[in-house]
Amino acid sequence: MSERPQNDDPDPTPDPSDAFDDMVEAETQRDPDLAVIEAGSRTLRTQAGPPRGDQVPARPVDPEVDRALRAVEEELAGRWGETKLDPSIERIAALMDVLGSPQRAFPSIHITGTNGKTSTARMIEALLGGFELRTGRYTSPHIQSVTERISLDGGPISAERFIETYRDIAPYVEMIDGQQEYRLSFFEVLTAMAYAAFADAPVDVAVVEVGMGGTWDATNVIDADVAVITPISLDHTDRLGETPEQIAGEKSGIIKKDATVVLAQQPVDAASVMLKRAVEVDATVAREGMEFGVLSREVAVGGQMLTLRGLGGEYPEIFLPLHGAHQAHNAAVALAAVEAFFGVGAGHTRTLDLDIIRSAFASVSSPGRMEVVRSSPTVVLDAAHNPGGARAAAETVSEAFGFSRLIGVVGASADKDVRGVLEAFEPIFAEVVVTCNSSQRAMDPDELAAIAVEVFGAERVQVEPRLDDALEAAITLAEEEGEFSGAGVLVTGSVITVGEARLLLGRK
């Protein structure tokens, strides 16, 4: 990293607790929303750069490759599920050791938070790629194919490379399995594969999203120069804690000594925990709403037009082809993270090349996040699976699409706050079709329907246990309004539901 800001205080050893108190005071007193600067009626849309190959991959065409990939998928699926948290990085650390510590072969940007991690990771990846850096990106869960989780140069790793990477590390995985009380989990093996693939490529920088939490997450064997914390809300409360403050304590574990922390807007109690951690490890903090943020945003055709304030100055007329205020905030966080990676703000007050920033943002996509997959009627997919994500999705679909009547298709996991998700969508859904995806974690549709009836009323709820039938029912309900009515369908509740709906609707 570049040099840290100079401290002009004559006392070379200031009391860390004073610094912490000052930061908490600033965080507490600030308005949580930036003042919006009126942008007028600009219609300028920047041109996207070349396609980056970030489409969701289909099954391999070659039957031999497909069989080999299915064999690897079956082996991984037979391991401990990624949603079962074991508070230890002992196994993954042991595996990294016998692999020769591939995670230390490249600098990295580490991302945690409750919502917005994958979209932010994709934006960071696009920005870094715009500056001709070779990138590796590791995100989870996947929409349709497990190969999506490991990306090189802006696109998912090929099935052949995925298989080869697994075979390369498999003997070492078996070795560690035999030495530990528990076998390596699904997520631990995938994490090792990602780090091995990045080292082998090799990449100039890795963009790594945690699986769950932070401190004990398998990804946390890296020492990232930049730690990004997207908005924290309640999710995985049985594993991470029941309050934002408790969850923040777990997630702040990715903040390492001398790193730069890019902090999205947070609940004050959560922000306090993360600021305290930053002081303890002498990390530099950049806070949304103070050091960086969204200065203006307006709805544009196919997305939104933004003016962002970065660590080094303003970036006007940024076209982002994603919908919603939450994506604008994700963009501000992503920009600050990339600036921090390049040393902007650490003794250097300058902006990055504006044309590159514009082109990179214009090239961003985020499958399964307010993604339109059908027209007449319009069908939108969004992977919201907790109340915070559902509230953002509800606000976004109202702003971006303005449907005259919206039908919801909801398939959720049993371990989520399903009532909170349904309550967030109740004001915008005229009717809701509850269903079930193929996951073992899926909530029984009758159980989901019982909660939906309490939230919506029986007359607004329809039950279709099969997802294909649910989609057909919702589209039929939307079509009843007539071809030009402006009715639409939103499929949501789970990443798995969205991925399966994507396949059923022929999206590749």
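Structure shown above.
About the cut-offs
Residues numbered from 1 in each chain as written. Predicted model: local features only at pLDDT ≥ 70, side-chain atom pairs only at ≥ 80, totals over all residues. Heavy atoms only, no water. Helix = DSSP H or I, 4+ residues; strand = E, 2+ residues; numbered from the N terminus. Buried < 20%, exposed > 50% of the residue type's maximum accessible area, 1.4 Å probe, protein only. Contact = heavy atoms within 4.5 Å. Areas by Shrake-Rupley, 256 points an atom, 1.4 Å probe, with all protein chains shown as cover. Salt bridge = Lys/Arg side-chain N within 4 Å of Asp/Glu carboxyl O. Pairing = 2+ DSSP bridges. Axes fitted to C-alpha atoms, helices over the stretch in contact; angles between N-to-C directions. Phe/Tyr/Trp six-rings, centres within 6.5 Å; stacked < 30°, edge-to-face > 60°. Expected span 1.5 Å × (residues − 1). Patch = residues over 30% accessible without salt bridge, like charges linked within 9 Å, V, L, I, M, F, W, Y side chains within 5 Å.

*Asks:* Could you clarify how one ought to interpret the overall build of the protein chain in this entry?
*Replies:* Of regular secondary structure, the protein chain possesses 16 helices and 17 strands. Every one of the 508 residues in the protein chain was classed for burial, and the buried ones make up 56%. Sequence separation of 24 or more characterises 75% of the internal contacts of the protein chain that already satisfy a separation of 6 or more. As displayed, the protein chain has an accessible area near 20,700 Å², and 49% of this comes from carbon and sulfur atoms.

*Asks:* Sorry, what's going on with the pattern of salt bridges here?
*Replies:* Opposite charge on two side chains permits them to pair, given that their charged atoms come into close proximity. Per the stated rule, a full pass over the model turns up 24 salt bridges. Across the pair Arg-59 and Asp-66 runs a salt bridge, and its minimum N-O distance is 2.8 Å. Under the relative-accessibility criterion, Asp-66 is labelled buried at 14%. For Arg-466, the salt bridge is made with Asp-469, and the minimal N-O distance between the two is 3.5 Å. We classify Arg-466 as exposed; its relative accessible area is 51%. A single salt-bridge network, built from bridges that share partners, covers Arg-59, Asp-66, Arg-70 and Glu-73.

*Asks:* When you look at the environment of Ile-356 in this model, what are you seeing that I'm missing?
*Replies:* Take Ile-356: it is sitting in helix 11 (residues 354-362). By relative accessible area, Ile-356 is classed as partly exposed at 25%. Once the C-alpha coordinates of Ile-356 and Phe-131 are considered, the two residues, 225 residues apart in sequence, prove to be 7.1 Å apart. Among all residues touching Ile-356, those that are not within four sequence positions of it are Gly-130 and Phe-131.

*Asks:* Just checking my understanding: could you explain the sheet that holds strand 4 (residues 155-156) for this structure?
*Replies:* Paired through backbone hydrogen bonds, the strands of a sheet run either parallel or antiparallel to each other. The eight strands are arranged 4-3-2-5-1-6-7-8 in an open sheet whose pairing can be described as mixed. Both outer strands of the open sheet, strand 4 and strand 8 (284-287), are each paired with one neighbouring strand and no more. Summarising the sheet, strand 1 (residues 108-112) and strand 5 (residues 205-209) pair through four bridges and their orientation is parallel. Its bridge partner being in strand 5, His-110 is matched across the sheet by Val-208. Sheet strands in contact with helix 4 (residues 117-130) are strand 1, strand 2 (135-138), strand 3 (150-152), strand 5 and strand 6 (226-229), and its direction is about 170° off that of strand 5.

*Asks:* Help me understand the packing of aromatic side chains, please; the structure alone is not making it clear to me.
*Replies:* When we look at a pair of aromatic rings, we describe it by the centre distance and by the angle of the planes. For the structure shown, the criterion picks out nine aromatic pairs. Consider the rings of Phe-429 and Phe-456, whose centres lie 6.4 Å apart with planes at 15°: the pair is stacked. One end of the pair, Phe-429, is in the loop between helix 13 (418-425) and strand 15 (431-434); the other, Phe-456, is in helix 14 (residues 445-456), and 27 residues separate them in sequence. Neither Phe-429 nor Phe-456 differs from the other in exposure class; each is buried.

*Asks:* Would you explain helix 4 in this entry?
*Replies:* Residues lying three or four places apart along an α-helix face the same way, a consequence of the helix completing one turn every 3.6 residues. In a regular helix each residue adds 1.5 Å, so 14 residues correspond to 20 Å; helix 4 covers 20 Å between its end C-alpha atoms and thus fits that length. The buried fraction of helix 4 amounts to 13 of the 14 residues, a majority that puts the element mostly inside the structure. Following helix 4 by one or two positions, Glu-132 has its phi on the positive side, about 65°.

*Asks:* When you look at unusual backbone geometry in this model, what are you seeing that I'm missing?
*Replies:* As a rule of thumb, non-glycine residues mostly have phi less than zero, and peptide bonds are mostly trans rather than cis. For the bond running from Ala-201 to Pro-202, omega is -15°, close enough to zero to count as cis. Mapped onto the secondary structure, Pro-202 falls in the loop between helix 6 (186-200) and strand 5. Here the amide bond leading from Ser-376 into Pro-377 is cis, since omega sits at 0°, within 30 degrees of zero. Inspection of the secondary structure assignment puts Pro-377 in the loop between strand 12 (371-374) and strand 13 (378-381). Residue Met-370 is not a glycine yet carries a positive backbone phi of 50°. With respect to the secondary-structure elements, Met-370 resides in the loop between helix 11 and strand 12.

*Asks:* Even after reading the chapter, I still don't get a nonpolar patch on the surface, so can you show me in this structure?
*Replies:* A grouping of Val-98, Tyr-172 and Met-175 is seen on the molecular surface, where their side chains present a nonpolar patch of about 230 Å² in accessible area. Here Tyr-172 lies in helix 5 (residues 159-179).

*Asks:* Teacher, can you tell me more about the pairing of strand 6 here?
*Replies:* What you see with strand 6 is no split at all: Val-226 and Val-228 on one side and Ala-227 and Ile-229 on the other are buried throughout. Where strand 1 and strand 6 come together, four bridges link them in parallel fashion. Bridged to Thr-112 within strand 6 is Ile-229. Relative to strand 7 (residues 260-263), strand 6 runs parallel, the two sharing four bridges. Bridge assignment links Ile-229 to a residue of strand 7, and that residue is Leu-263.

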